[in-house]
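# Report on the structure
For reference, the chains in residue letters:
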Amino acid sequence: MYKPLLTLTGGLVAALALSAAQAKPLSQEDLSVAEVLRDRALASSDAYSIVESLTVEIGPRRAGTEGDQRAVAWAQNKMKALGFDRVYTEQIDVPRWHRGHAHAQVVAPFPQPLVVTSLGYGAPTPEGGLTADIVKFEDVDALMNAPARKVKGKIAFINKRMERARTGEGYGPAVKGRSLGMRAAAEKGAVAMLLRSVGTDNDRMPHTGMMSIDGVENPIPALALSAPDANQLEAMLKRGKPVQVKLDVDSERLADGPSFNVIGEITGREKPEEAVVIGAHLDSWDEGTGAIDDGAGVGIVMETARMISELPQRPRRTLRVVLFGAEEIGLVGAKQYVEAHQNDMDNIVAVSESDFGAGKIWRFDTRIPENKFDVADQIMQLLAPLGIERGNNKSHGGSDSYPFVAQGVPAFGLYQDGTDYFDYHHTANDTLDKVDPENLKQNVAAWIVVSFLAAEMEDDFGRVPTEH
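As a starting point, this report considers the structure included with it. The residue numbers shown here count from 1 along each chain, following its written sequence. A pLDDT threshold of at least 70 governs which residues receive local features in this predicted model, and a stricter bar of 80 or more applies before side-chain atom pairs are shown or counted, although totals over entire chains, interfaces and linings include all residues. By convention in this description, side-chain values take in all heavy atoms of the structure and omit both hydrogens and water.

### Points about the pairing of strand β7 (residues 192-196)
Condition: Partly exposed describes any residue whose relative accessible area lies between the buried limit of under 20% and the exposed limit of over 50%, with all areas from a 1.4 Å probe on protein chains only and scaled to the type maximum. The numbering of helices and of strands both runs from the N terminus, where a helix is a DSSP run of H or I of at least 4 residues and a strand a run of E of at least 2. Each pair of strands is called paired provided DSSP finds at least two bridges between the two strands. Here the term right-handed applies to a crossover when the path leading from its first strand over the helix to its second strand runs clockwise, the strands being oriented away from the viewer.
Counting buried residues along β7, five of its five residues qualify, which places the element largely inside the surrounding structure. Burial along β7 is two-sided: the face carrying Ala192, Leu194 and Arg196 and the face carrying Met193 and Leu195 are both buried. The pairing of strand β6 (residues 155-158) with β7 spans four bridges and is classified as parallel. Directly across from isoleucine 155, in β7, lies its bridge partner alanine 192. Between the parallel pair β6 and β7, the chain is carried across by helix α8 (residues 171-187), and the sense of this crossover is right-handed. Here β7 pairs with strand β8 (residues 222-225) via four bridges, running parallel. Bridging from a neighbouring strand, methionine 193 pairs with alanine 222 of β8.

Printed below as a string of C-alpha coordinates:
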(Lines give C-alpha, C1' and ligand atoms only; values in the text may rest on other atoms or scores of the structure.)
Protein backbone atom coordinates (compact mmCIF):
# COMPACT_ATOMS: atom_id res chain seq x y z
CA MET A 1 0.00 0.00 0.00
CA TYR A 2 1.00 3.60 -0.50
CA LYS A 3 2.99 4.66 2.58
CA PRO A 4 0.93 7.68 3.73
CA LEU A 5 -2.00 5.34 4.38
CA LEU A 6 0.13 3.44 6.90
CA THR A 7 0.67 6.53 9.02
CA LEU A 8 -3.00 7.43 9.57
CA THR A 9 -4.95 6.40 12.66
CA GLY A 10 -8.43 6.26 14.11
CA GLY A 11 -11.45 7.69 12.36
CA LEU A 12 -9.37 9.07 9.50
CA VAL A 13 -8.25 5.56 8.60
CA ALA A 14 -11.84 4.38 8.62
CA ALA A 15 -12.96 7.29 6.47
CA LEU A 16 -10.20 6.74 3.94
CA ALA A 17 -10.85 3.02 3.92
CA LEU A 18 -14.49 3.72 3.05
CA SER A 19 -13.57 6.14 0.26
CA ALA A 20 -10.94 3.73 -1.04
CA ALA A 21 -13.54 0.97 -1.14
CA GLN A 22 -15.69 3.20 -3.33
CA ALA A 23 -12.88 3.62 -5.86
CA LYS A 24 -13.04 1.04 -8.62
CA PRO A 25 -9.83 -0.96 -8.94
CA LEU A 26 -8.21 -1.68 -12.27
CA SER A 27 -9.48 -4.88 -13.86
CA GLN A 28 -7.24 -7.89 -14.16
CA GLU A 29 -7.86 -7.88 -17.90
CA ASP A 30 -6.57 -4.31 -18.22
CA LEU A 31 -3.55 -5.09 -16.07
CA SER A 32 -2.76 -8.09 -18.26
CA VAL A 33 -2.91 -5.95 -21.42
CA ALA A 34 -0.65 -3.36 -19.80
CA GLU A 35 1.82 -6.10 -18.86
CA VAL A 36 1.94 -7.33 -22.45
CA LEU A 37 2.45 -3.78 -23.70
CA ARG A 38 5.25 -3.24 -21.18
CA ASP A 39 7.11 -6.36 -22.24
CA ARG A 40 6.61 -5.58 -25.92
CA ALA A 41 8.03 -2.08 -25.38
CA LEU A 42 11.08 -3.49 -23.63
CA ALA A 43 11.71 -5.83 -26.54
CA SER A 44 10.88 -3.78 -29.60
CA SER A 45 9.98 -0.13 -28.99
CA ASP A 46 11.98 2.32 -31.07
CA ALA A 47 11.74 5.80 -29.59
CA TYR A 48 15.39 6.25 -30.52
CA SER A 49 14.63 6.44 -34.24
CA ILE A 50 12.20 9.29 -33.57
CA VAL A 51 14.82 11.20 -31.58
CA GLU A 52 17.38 10.54 -34.29
CA SER A 53 15.03 11.85 -36.97
CA LEU A 54 14.30 15.02 -35.02
CA THR A 55 17.89 15.85 -34.14
CA VAL A 56 19.42 14.92 -37.51
CA GLU A 57 16.73 16.23 -39.85
CA ILE A 58 15.78 19.34 -37.85
CA GLY A 59 18.48 20.03 -35.25
CA PRO A 60 18.23 23.17 -33.09
CA ARG A 61 14.70 24.56 -32.83
CA ARG A 62 14.57 27.59 -30.58
CA ALA A 63 11.07 29.07 -30.35
CA GLY A 64 10.22 31.48 -33.14
CA THR A 65 13.09 30.48 -35.45
CA GLU A 66 13.12 28.73 -38.80
CA GLY A 67 14.24 25.58 -37.00
CA ASP A 68 11.11 25.79 -34.87
CA GLN A 69 8.93 26.08 -37.98
CA ARG A 70 10.59 23.06 -39.55
CA ALA A 71 10.14 21.09 -36.31
CA VAL A 72 6.39 21.80 -36.32
CA ALA A 73 6.09 20.45 -39.86
CA TRP A 74 8.27 17.46 -38.94
CA ALA A 75 6.11 16.62 -35.94
CA GLN A 76 2.89 16.66 -37.94
CA ASN A 77 4.32 14.45 -40.66
CA LYS A 78 5.85 12.04 -38.14
CA MET A 79 2.60 11.66 -36.18
CA LYS A 80 0.68 10.92 -39.37
CA ALA A 81 3.28 8.37 -40.43
CA LEU A 82 3.07 6.70 -37.00
CA GLY A 83 -0.68 6.17 -37.39
CA PHE A 84 -2.25 8.74 -35.05
CA ASP A 85 -5.99 9.05 -35.60
CA ARG A 86 -5.97 12.83 -35.58
CA VAL A 87 -3.11 15.31 -35.96
CA TYR A 88 -3.49 19.07 -35.67
CA THR A 89 -1.80 22.25 -34.47
CA GLU A 90 -2.81 25.17 -32.30
CA GLN A 91 -1.06 28.48 -32.81
CA ILE A 92 0.68 30.23 -29.94
CA ASP A 93 2.32 33.65 -29.79
CA VAL A 94 5.98 33.68 -28.77
CA PRO A 95 8.57 36.39 -28.08
CA ARG A 96 11.50 36.13 -30.48
CA TRP A 97 15.18 36.93 -30.17
CA HIS A 98 18.33 36.89 -32.30
CA ARG A 99 21.39 35.53 -30.47
CA GLY A 100 24.27 37.00 -32.49
CA HIS A 101 27.77 36.70 -31.03
CA ALA A 102 29.13 36.91 -27.48
CA HIS A 103 32.80 37.39 -26.61
CA ALA A 104 34.49 37.99 -23.28
CA GLN A 105 38.10 38.50 -22.27
CA VAL A 106 40.04 39.48 -19.20
CA VAL A 107 42.05 42.61 -20.06
CA ALA A 108 43.73 43.09 -16.66
CA PRO A 109 45.60 41.97 -14.66
CA PHE A 110 45.94 38.61 -16.49
CA PRO A 111 44.77 39.04 -20.11
CA GLN A 112 43.09 35.97 -21.62
CA PRO A 113 39.82 34.91 -23.28
CA LEU A 114 36.77 33.57 -21.44
CA VAL A 115 34.26 31.10 -22.91
CA VAL A 116 30.74 32.48 -22.60
CA THR A 117 27.29 32.32 -24.16
CA SER A 118 24.44 34.82 -24.05
CA LEU A 119 21.56 34.00 -21.77
CA GLY A 120 18.20 33.97 -23.48
CA TYR A 121 16.80 37.33 -24.57
CA GLY A 122 19.77 39.22 -23.15
CA ALA A 123 20.72 42.70 -24.34
CA PRO A 124 23.70 43.65 -26.54
CA THR A 125 26.68 45.72 -25.45
CA PRO A 126 27.20 49.18 -26.96
CA GLU A 127 28.96 49.14 -30.32
CA GLY A 128 32.61 48.30 -29.68
CA GLY A 129 31.79 46.49 -26.44
CA LEU A 130 32.18 47.54 -22.83
CA THR A 131 34.94 47.16 -20.26
CA ALA A 132 34.47 47.17 -16.48
CA ASP A 133 35.70 45.70 -13.22
CA ILE A 134 34.24 42.48 -11.85
CA VAL A 135 32.42 42.34 -8.52
CA LYS A 136 31.71 38.79 -7.28
CA PHE A 137 28.68 37.44 -5.40
CA GLU A 138 28.30 33.91 -4.06
CA ASP A 139 24.67 33.76 -5.17
CA VAL A 140 21.90 35.99 -6.45
CA ASP A 141 20.61 36.66 -2.93
CA ALA A 142 23.95 38.25 -2.06
CA LEU A 143 23.63 40.44 -5.13
CA MET A 144 20.08 41.41 -4.26
CA ASN A 145 21.13 42.36 -0.72
CA ALA A 146 24.23 44.32 -1.78
CA PRO A 147 24.23 48.13 -1.70
CA ALA A 148 23.92 49.69 -5.15
CA ARG A 149 27.21 51.55 -4.71
CA LYS A 150 29.05 48.21 -4.70
CA VAL A 151 27.52 47.22 -8.04
CA LYS A 152 27.03 50.41 -10.03
CA GLY A 153 29.22 50.65 -13.13
CA LYS A 154 30.63 47.13 -12.69
CA ILE A 155 30.05 43.64 -14.08
CA ALA A 156 28.21 41.56 -11.48
CA PHE A 157 29.57 37.98 -11.33
CA ILE A 158 27.27 35.40 -9.69
CA ASN A 159 29.36 32.38 -8.71
CA LYS A 160 26.80 29.88 -7.39
CA ARG A 161 27.78 26.24 -7.97
CA MET A 162 25.13 23.66 -8.76
CA GLU A 163 25.11 20.41 -6.77
CA ARG A 164 24.81 17.09 -8.64
CA ALA A 165 21.85 14.85 -7.73
CA ARG A 166 19.89 12.04 -9.32
CA THR A 167 16.71 14.01 -8.71
CA GLY A 168 18.15 17.23 -10.16
CA GLU A 169 17.27 19.01 -6.93
CA GLY A 170 20.39 21.17 -7.16
CA TYR A 171 18.92 22.98 -10.14
CA GLY A 172 16.42 25.14 -8.26
CA PRO A 173 18.91 26.93 -5.97
CA ALA A 174 21.33 27.54 -8.86
CA VAL A 175 18.86 28.54 -11.57
CA LYS A 176 17.55 31.36 -9.39
CA GLY A 177 20.68 33.26 -10.39
CA ARG A 178 19.94 32.84 -14.08
CA SER A 179 16.34 33.82 -13.66
CA LEU A 180 16.77 36.87 -11.44
CA GLY A 181 20.43 37.84 -11.75
CA MET A 182 20.21 40.21 -14.71
CA ARG A 183 17.18 41.96 -13.23
CA ALA A 184 18.91 42.45 -9.86
CA ALA A 185 22.15 43.62 -11.45
CA ALA A 186 20.38 46.09 -13.74
CA GLU A 187 18.37 47.55 -10.89
CA LYS A 188 21.60 48.26 -8.98
CA GLY A 189 23.29 49.93 -11.93
CA ALA A 190 25.60 47.16 -13.15
CA VAL A 191 26.71 47.42 -16.78
CA ALA A 192 26.51 43.63 -17.32
CA MET A 193 26.07 40.30 -15.54
CA LEU A 194 28.21 37.15 -15.69
CA LEU A 195 26.85 33.89 -14.30
CA ARG A 196 28.60 30.64 -13.47
CA SER A 197 26.75 28.22 -15.76
CA VAL A 198 23.83 26.38 -14.22
CA GLY A 199 25.24 22.90 -14.74
CA THR A 200 27.19 20.08 -13.13
CA ASP A 201 29.95 19.51 -15.69
CA ASN A 202 33.56 20.63 -15.88
CA ASP A 203 33.55 21.07 -19.65
CA ARG A 204 34.44 24.36 -21.25
CA MET A 205 30.90 24.65 -22.60
CA PRO A 206 28.63 27.32 -21.11
CA HIS A 207 24.94 26.63 -20.42
CA THR A 208 22.39 29.03 -21.86
CA GLY A 209 18.81 29.44 -20.61
CA MET A 210 15.99 31.89 -20.10
CA MET A 211 15.95 34.88 -17.78
CA SER A 212 13.18 36.91 -16.20
CA ILE A 213 12.93 39.90 -18.54
CA ASP A 214 9.38 41.22 -18.21
CA GLY A 215 9.31 44.71 -16.81
CA VAL A 216 13.09 45.21 -16.74
CA GLU A 217 13.38 48.85 -17.75
CA ASN A 218 17.06 48.87 -18.64
CA PRO A 219 18.17 45.33 -19.56
CA ILE A 220 21.91 44.73 -19.59
CA PRO A 221 24.09 42.11 -21.30
CA ALA A 222 23.96 38.79 -19.43
CA LEU A 223 26.32 35.92 -20.17
CA ALA A 224 26.94 32.44 -18.77
CA LEU A 225 30.54 31.37 -18.15
CA SER A 226 31.62 27.78 -18.57
CA ALA A 227 32.55 26.18 -15.23
CA PRO A 228 36.30 26.22 -15.92
CA ASP A 229 36.14 29.90 -16.88
CA ALA A 230 34.17 30.72 -13.75
CA ASN A 231 36.89 28.91 -11.77
CA GLN A 232 39.52 30.96 -13.58
CA LEU A 233 37.79 34.23 -12.82
CA GLU A 234 37.36 33.19 -9.18
CA ALA A 235 41.06 32.38 -8.88
CA MET A 236 42.04 35.73 -10.37
CA LEU A 237 39.88 37.62 -7.90
CA LYS A 238 41.51 35.78 -4.99
CA ARG A 239 44.82 37.44 -5.88
CA GLY A 240 43.50 40.72 -4.54
CA LYS A 241 43.81 42.84 -7.66
CA PRO A 242 40.95 44.39 -9.62
CA VAL A 243 39.92 42.13 -12.50
CA GLN A 244 38.78 43.96 -15.60
CA VAL A 245 36.78 42.24 -18.32
CA LYS A 246 35.73 43.34 -21.79
CA LEU A 247 32.44 42.10 -23.26
CA ASP A 248 31.29 42.29 -26.87
CA VAL A 249 27.74 41.06 -27.39
CA ASP A 250 25.51 41.32 -30.44
CA SER A 251 21.90 40.27 -29.84
CA GLU A 252 18.49 41.68 -30.66
CA ARG A 253 14.95 41.36 -29.35
CA LEU A 254 12.59 40.80 -32.29
CA ALA A 255 8.86 41.27 -32.73
CA ASP A 256 6.65 38.52 -31.36
CA GLY A 257 5.69 35.82 -33.83
CA PRO A 258 3.77 32.56 -34.20
CA SER A 259 4.70 29.06 -33.15
CA PHE A 260 2.52 26.02 -32.52
CA ASN A 261 1.60 23.24 -30.15
CA VAL A 262 1.50 20.03 -32.20
CA ILE A 263 -1.14 17.56 -31.07
CA GLY A 264 -1.76 13.96 -32.02
CA GLU A 265 -4.56 11.75 -30.72
CA ILE A 266 -5.44 8.09 -30.41
CA THR A 267 -9.21 8.52 -30.22
CA GLY A 268 -11.02 6.81 -27.35
CA ARG A 269 -13.59 4.16 -28.24
CA GLU A 270 -16.16 4.96 -25.50
CA LYS A 271 -15.29 8.37 -24.05
CA PRO A 272 -13.46 10.22 -26.82
CA GLU A 273 -14.18 13.57 -25.19
CA GLU A 274 -12.12 12.54 -22.14
CA ALA A 275 -8.34 12.52 -22.57
CA VAL A 276 -5.11 11.50 -20.93
CA VAL A 277 -2.52 14.12 -21.91
CA ILE A 278 1.08 13.00 -22.24
CA GLY A 279 3.53 15.62 -23.41
CA ALA A 280 7.02 16.74 -24.23
CA HIS A 281 8.28 20.04 -25.58
CA LEU A 282 9.24 20.40 -29.20
CA ASP A 283 11.43 23.49 -28.92
CA SER A 284 15.06 23.46 -27.80
CA TRP A 285 17.87 25.87 -27.21
CA ASP A 286 20.04 26.60 -30.20
CA GLU A 287 23.49 25.60 -28.95
CA GLY A 288 23.09 21.82 -29.37
CA THR A 289 20.55 19.68 -31.20
CA GLY A 290 18.14 19.24 -28.29
CA ALA A 291 18.56 15.47 -28.08
CA ILE A 292 18.03 15.11 -24.34
CA ASP A 293 16.14 18.38 -23.89
CA ASP A 294 13.67 17.41 -25.08
CA GLY A 295 14.09 15.21 -28.14
CA ALA A 296 14.14 12.14 -25.89
CA GLY A 297 10.80 13.12 -24.38
CA VAL A 298 9.31 13.65 -27.83
CA GLY A 299 10.40 10.18 -28.88
CA ILE A 300 9.16 8.54 -25.67
CA VAL A 301 5.61 9.90 -25.73
CA MET A 302 5.16 9.51 -29.50
CA GLU A 303 6.32 5.89 -29.38
CA THR A 304 4.08 5.22 -26.36
CA ALA A 305 1.03 6.38 -28.31
CA ARG A 306 2.10 4.50 -31.45
CA MET A 307 2.34 1.19 -29.60
CA ILE A 308 -1.00 1.68 -27.86
CA SER A 309 -2.57 2.42 -31.25
CA GLU A 310 -1.57 -1.07 -32.41
CA LEU A 311 -3.91 -2.76 -29.92
CA PRO A 312 -6.95 -4.56 -31.41
CA GLN A 313 -9.16 -1.82 -29.99
CA ARG A 314 -8.62 1.75 -28.87
CA PRO A 315 -8.52 2.54 -25.13
CA ARG A 316 -11.72 3.75 -23.52
CA ARG A 317 -10.50 7.38 -23.51
CA THR A 318 -8.48 9.45 -25.93
CA LEU A 319 -4.71 9.42 -25.53
CA ARG A 320 -3.55 12.92 -26.48
CA VAL A 321 0.11 13.61 -27.19
CA VAL A 322 0.91 17.32 -26.96
CA LEU A 323 4.29 18.54 -28.18
CA PHE A 324 4.34 21.91 -26.50
CA GLY A 325 5.93 24.92 -28.14
CA ALA A 326 8.19 27.46 -26.45
CA GLU A 327 8.66 25.63 -23.15
CA GLU A 328 12.22 26.86 -22.84
CA ILE A 329 11.20 30.50 -22.68
CA GLY A 330 8.53 30.17 -20.01
CA LEU A 331 6.03 27.33 -20.66
CA VAL A 332 4.42 29.51 -23.32
CA GLY A 333 2.72 26.71 -25.22
CA ALA A 334 1.37 24.99 -22.11
CA LYS A 335 0.04 28.19 -20.61
CA GLN A 336 -1.71 29.18 -23.81
CA TYR A 337 -3.10 25.66 -24.24
CA VAL A 338 -4.71 25.73 -20.80
CA GLU A 339 -6.03 29.25 -21.34
CA ALA A 340 -7.59 28.26 -24.67
CA HIS A 341 -9.15 25.09 -23.21
CA GLN A 342 -10.45 26.37 -19.88
CA ASN A 343 -13.87 24.89 -20.54
CA ASP A 344 -12.39 21.47 -21.25
CA MET A 345 -10.12 21.00 -18.24
CA ASP A 346 -12.59 18.69 -16.49
CA ASN A 347 -12.30 16.28 -19.42
CA ILE A 348 -8.55 15.85 -18.93
CA VAL A 349 -8.31 12.91 -16.55
CA ALA A 350 -4.51 12.97 -16.09
CA VAL A 351 -1.45 14.81 -17.37
CA SER A 352 2.29 14.23 -17.46
CA GLU A 353 5.37 15.26 -19.42
CA SER A 354 8.67 13.58 -20.25
CA ASP A 355 11.29 16.34 -19.94
CA PHE A 356 14.28 15.21 -17.93
CA GLY A 357 16.58 13.64 -20.47
CA ALA A 358 17.15 10.07 -21.56
CA GLY A 359 18.14 8.26 -18.36
CA LYS A 360 16.26 5.27 -16.95
CA ILE A 361 13.11 5.92 -14.95
CA TRP A 362 13.61 5.09 -11.29
CA ARG A 363 10.61 6.63 -9.48
CA PHE A 364 6.85 6.86 -9.94
CA ASP A 365 5.11 9.83 -8.33
CA THR A 366 1.47 10.85 -8.48
CA ARG A 367 -0.84 13.72 -7.71
CA ILE A 368 -4.19 12.03 -7.23
CA PRO A 369 -6.92 11.95 -4.56
CA GLU A 370 -6.19 9.69 -1.61
CA ASN A 371 -9.03 7.34 -2.48
CA LYS A 372 -7.12 6.45 -5.66
CA PHE A 373 -3.94 5.28 -3.94
CA ASP A 374 -5.00 1.64 -4.45
CA VAL A 375 -5.03 2.24 -8.20
CA ALA A 376 -1.51 3.64 -7.99
CA ASP A 377 -0.48 0.55 -6.06
CA GLN A 378 -1.83 -1.65 -8.86
CA ILE A 379 0.08 0.36 -11.47
CA MET A 380 3.18 0.13 -9.31
CA GLN A 381 3.08 -3.66 -9.46
CA LEU A 382 3.75 -3.44 -13.20
CA LEU A 383 6.40 -0.75 -12.86
CA ALA A 384 8.45 -2.45 -10.15
CA PRO A 385 9.98 -5.06 -12.51
CA LEU A 386 11.42 -2.13 -14.49
CA GLY A 387 13.48 -1.05 -11.48
CA ILE A 388 11.07 1.71 -10.53
CA GLU A 389 10.22 2.58 -6.93
CA ARG A 390 7.19 4.33 -5.46
CA GLY A 391 7.67 8.00 -4.72
CA ASN A 392 5.24 10.52 -3.28
CA ASN A 393 1.90 12.13 -4.08
CA LYS A 394 3.32 15.59 -4.77
CA SER A 395 4.08 15.28 -8.49
CA HIS A 396 3.49 18.19 -10.84
CA GLY A 397 4.01 15.90 -13.80
CA GLY A 398 6.74 17.91 -15.52
CA SER A 399 7.25 21.56 -16.36
CA ASP A 400 4.53 21.88 -19.02
CA SER A 401 2.09 20.05 -16.73
CA TYR A 402 2.19 22.82 -14.11
CA PRO A 403 -0.57 24.94 -15.72
CA PHE A 404 -2.82 21.85 -15.86
CA VAL A 405 -2.15 20.89 -12.24
CA ALA A 406 -3.03 24.46 -11.23
CA GLN A 407 -6.51 23.69 -12.61
CA GLY A 408 -6.86 20.55 -10.47
CA VAL A 409 -5.91 18.02 -13.16
CA PRO A 410 -4.42 14.82 -11.64
CA ALA A 411 -0.80 14.16 -12.60
CA PHE A 412 1.75 11.40 -12.62
CA GLY A 413 5.50 11.65 -12.81
CA LEU A 414 7.87 9.06 -14.23
CA TYR A 415 11.19 10.44 -13.08
CA GLN A 416 14.42 9.63 -14.86
CA ASP A 417 17.88 9.37 -13.40
CA GLY A 418 19.19 12.89 -13.83
CA THR A 419 22.68 12.35 -12.40
CA ASP A 420 24.37 13.57 -15.58
CA TYR A 421 21.47 15.48 -17.16
CA PHE A 422 22.84 18.87 -16.14
CA ASP A 423 26.24 18.06 -17.62
CA TYR A 424 24.65 18.61 -21.03
CA HIS A 425 21.52 20.68 -20.36
CA HIS A 426 21.33 23.85 -22.53
CA THR A 427 24.82 23.36 -23.98
CA ALA A 428 26.34 22.61 -27.38
CA ASN A 429 26.94 19.13 -25.95
CA ASP A 430 23.23 18.22 -25.95
CA THR A 431 23.53 15.86 -28.90
CA LEU A 432 22.27 12.44 -29.99
CA ASP A 433 25.27 10.49 -28.70
CA LYS A 434 24.04 11.20 -25.15
CA VAL A 435 20.92 9.08 -25.78
CA ASP A 436 21.00 5.33 -25.03
CA PRO A 437 18.39 3.40 -27.08
CA GLU A 438 17.99 0.77 -24.34
CA ASN A 439 17.21 3.42 -21.75
CA LEU A 440 14.49 4.77 -24.03
CA LYS A 441 12.94 1.29 -24.25
CA GLN A 442 12.68 1.19 -20.46
CA ASN A 443 11.09 4.65 -20.52
CA VAL A 444 8.50 3.64 -23.10
CA ALA A 445 7.72 0.47 -21.13
CA ALA A 446 6.90 2.58 -18.06
CA TRP A 447 4.98 5.25 -19.95
CA ILE A 448 2.93 2.68 -21.82
CA VAL A 449 1.77 1.05 -18.57
CA VAL A 450 0.63 4.29 -16.95
CA SER A 451 -0.79 5.88 -20.11
CA PHE A 452 -2.79 2.83 -21.18
CA LEU A 453 -4.23 2.16 -17.74
CA ALA A 454 -5.20 5.81 -17.21
CA ALA A 455 -6.94 5.85 -20.58
CA GLU A 456 -8.59 2.44 -20.17
CA MET A 457 -9.62 2.38 -16.48
CA GLU A 458 -13.37 2.27 -15.91
CA ASP A 459 -13.23 4.93 -13.19
CA ASP A 460 -11.17 8.12 -13.37
CA PHE A 461 -8.91 9.97 -10.92
CA GLY A 462 -11.36 12.74 -10.09
CA ARG A 463 -9.93 16.19 -9.29
CA VAL A 464 -7.10 17.28 -7.02
CA PRO A 465 -7.51 20.37 -4.83
CA THR A 466 -5.40 23.23 -6.17
CA GLU A 467 -2.71 24.87 -4.07
CA HIS A 468 -3.07 28.44 -2.88
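### Observations regarding the packing of aromatic side chains
Selection criterion: Here a Phe, Tyr or Trp ring, Trp counted by its six-membered ring, pairs with any other such ring whose centre lies within 6.5 Å, and the pair is stacked when the planes are under 30 degrees apart, edge-to-face when over 60, and tilted otherwise. The rule for a charge over a ring is simple: NZ of Lys or CZ of Arg within 6 Å of the ring centre, and within 35 degrees of the ring normal.
Inspection of every chain in the model, using the stated rule, returns nine aromatic pairs. On the numbers, 4.6 Å between centres and 20° between planes, the contact of tyrosine 171 with phenylalanine 422 is stacked. With a gap of 251 residues between them, tyrosine 171 in helix α8 and phenylalanine 422 in helix α14 (residues 421-424) connect regions that are remote in the sequence. A connected cluster of aromatic rings, assembled from ring pairs, spans Tyr171, Phe356, Tyr421 and Phe422. The ring of tyrosine 88 carries arginine 86 above its face, with NZ or CZ at 3.9 Å from the centroid. A cation over an aromatic ring shows up here: arginine 166 above the ring of tryptophan 362, its NZ or CZ 3.5 Å from the ring centre.

### A look at the environment of glutamine 378
To keep things clear, this is the line we draw: In protein, a polar contact means a hydrogen-donor-capable atom and an acceptor-capable atom, both N or O and within 3.5 Å, with residues adjacent in sequence counting only if both atoms are side-chain atoms; elsewhere, any N or O pair within 3.5 Å suffices.
Among the structural elements, glutamine 378 can be located in helix α12 (residues 373-383). The buried category is assigned to glutamine 378, whose relative accessible area is 15%. At 2.8 Å, the side chain of glutamine 378 forms a polar contact with the backbone nitrogen of leucine 26.

### Remarks on the pattern of salt bridges
This is how it is decided: Here a salt bridge means any side-chain nitrogen of Lys or Arg lying within 4 Å of a carboxyl oxygen belonging to Asp or Glu.
Within this structure, the stated rule accounts for 26 salt bridges. Between arginine 314 and aspartate 85 there is a salt bridge, with its nearest N and O atoms 2.7 Å apart. Residue arginine 314 is located in the loop between α10 (291-309) and β12 (317-324), and its partner aspartate 85 is located in the loop between α5 (66-81) and β1 (86-98); the two are separated by 229 residues in the primary sequence. Residue class for arginine 314 comes out partly exposed when judged on its relative accessible area of 23%. A salt bridge links arginine 86 to glutamate 265, with the nearest nitrogen and oxygen atoms 3.8 Å apart. Of this pair, arginine 86 sits in strand β1 while glutamate 265 is found in strand β10 (residues 252-266), placing the two residues 179 residues apart along the sequence. You can call arginine 86 partly exposed: its relative accessible area is 44%. Assessed through its relative accessible area of 6%, glutamate 265 is described here as buried. Here the salt bridges share partners, and the residues they tie into one network are Arg269, Glu270, Arg316 and Glu456.

### As for the sheet that holds strand β3 (residues 112-114)
Note the cut-off: Lines are fitted to the C-alpha atoms to define the axes, a helix being fitted only along its stretch in contact, and any angle between axes, read from their N-to-C directions, falls within 0 to 180 degrees.
One open sheet holds the eight strands; their spatial order is β3-β2-β9-β5-β6-β7-β8-β4, and the pairing between them is mixed. Sheet topology places β3 and β4 (116-118) at the edges, where each strand pairs with a single neighbour. For this sheet, the mean angle separating the axes of adjacent strands, direction not counted, is 35°. For strand β2 (residues 102-108) and strand β9 (residues 244-249), the ladder comprises six bridges, and the chain directions are antiparallel. The residue bridging histidine 103 from the neighbouring strand is aspartate 248, located in β9.

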